Amino acid sequence: MQFPLRTLVSLALLSLVPACLAADMAPLKVGEIASLTGKEAAFGQSSHKGTLLAIEELNAAGGVLGRTFDLVTEDNQSKAGESATAARKLISRDHVSALLGEVASSRSLEIAPIAQSSKIPMISPSSTNPKVTAVGSYIFRVCFIDPFQGTVMAKFAKNELHLNKVAVLTSVSSAYSVGLAKYFKERFIADGGDIAIEQKYSEGDKDFRSQLTAIKAAGVGGIFVPGYYTEAALVAKQARELGITVPLFGGDGWEAPQLIEIGGSALEDTYYSTHYSPEDSSPAVQGFVKRFQARFNGETPDAMAALGYDSAVFLADAIKRAGTVESAAVRAALAATKDFTGVTGHTNIDANRNATKAAVIVTIKDGRFKFLKTVAP
Ligand code: PHE
């Protein structure tokens, strides 16, 4: 499905930039693949708004190398298989110069082999599973990876929640969930903790009572739920209904306003790790929050919005340094990125094309997300 804003953005560009009438100055097409509808629509909507704001700001400032950007967005409807189709379409039909996306790791893993074999640089704003960039030399991300996030939450559980015996409830159909569960367990056990019980579910499940009943019987001090917001919220609700009062905690997949909308008071005093907080008082964050709110009806940008924004600016920065839009040169410039300053902090791209950066821990108090602390890499 073609996102209608594309036409609007293109029209606005044509009127703004008469220079692009020359063929080699035509707007540079950048493809974006996002879950704008369906089960994880909150992820795609947020990420897309951040990316769009960045593209609009870059274009208003004249673009890069004298060319503006034309953002071509495809909606994968949160469905398996659709991201691969969208990637093929953007590359062969639209001849995009780069791909931005996806948020969810399983969907980025569909796109990456296609981008790699076509030698089109791909930047995932927020997929944290290590396998995504391992697909090849053209695949990048502007976020930290799950070995770090799993470590952050294992240490937090052990040292700050003072837990020694926990349960892990994993979504086996999500690459993200399986990976984050693994890295959390490795660190928690290495630090002397006990994973007393592990339970499983699949994306789209709605009833977690049998898993939670087994977890309750194991007598754990806390439950790690490395999943996405819809299931995490239902897990919290059903856990409280079953009389489970121990702390629940998860990773960045919890980040969406819908988490609290679905889970309500069951989410009180739960915790998750993420990439950024709009409460950060730094001028970069506060400026971004203001511009985002002005553009999108007062909405406060979440981590996906901030990373979506950074992914587009990161690409523009590399193109500028490359001095050309030729894909091998852009790839090399992306790989050489050091101390790129974005809304989500400073990004250094390592040898595996991953970003090294800080994590944020958020808690839920009185029905609201509350910044707790920043954990340095
Ligand atoms: N990190 C998640 C994944 O890899 C996606 C995500 C990013 C979700 C940021 C929420 C916030 O699947």
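The text that follows walks through the structure, step by step, so that each part is easy to find.

Here we come to the site of the ligand. Near the ligand, the surroundings consist of 13 residues, among which Ser105, Ser126, Thr128, Tyr228 and Asp252 are the closest. Residue Ser126 places a main-chain N or O atom 3.0 Å away from a nitrogen atom belonging to the ligand. Broken down by class, the residue content of the shell around the ligand amounts to 6 nonpolar, 6 polar and 1 charged. Both domains that meet at the shell around the ligand, namely domain 1 (14–144 + 281–357) and domain 2 (146–274), each give it at least three residues.

What follows concerns the side chain of His275. Mapped onto the elements, His275 comes out in the loop between strand S10 (271–274) and helix H11 (283–295). For His275, a relative accessible area of 7% corresponds to the buried category. Side chain to side chain, His275 and Asp252 meet in a polar contact 2.7 Å long.

What follows deals with the pairing of strand S2 (residues 69–75). Taking burial as the measure, the 7 residues of S2 include 7 buried ones, the bulk of the element. Because side chains alternate across S2, one face comprises the buried residues Phe69, Leu71, Thr73 and Asp75, and the other comprises Asp70, Val72 and Glu74, equally buried. Pairing geometry for strand S1 (residues 28–34) and S2, over 7 bridges, is parallel. Counterpart to Ile33 in the pairing with S2 is Glu74.

Rules of the game
- Residues numbered from 1 in each chain as written.
- Predicted model: local features only at pLDDT ≥ 70, side-chain atom pairs only at ≥ 80, totals over all residues.
- Heavy atoms only, no water.
- Near = heavy atom within 4 Å.
- Polar contact = N/O pair within 3.5 Å; in protein donor to acceptor, adjacent residues only side chain to side chain.
- Nonpolar A, V, L, I, M, F, W, Y, C, P; charged D, E, K, R; others polar.
- Domains from an automatic or database assignment.
- Helix = DSSP H or I, 4+ residues; strand = E, 2+ residues; numbered from the N terminus.
- Buried < 20%, exposed > 50% of the residue type's maximum accessible area, 1.4 Å probe, protein only.
- Pairing = 2+ DSSP bridges.

These results come straight from atomic positions and should not be treated as a statement about function.
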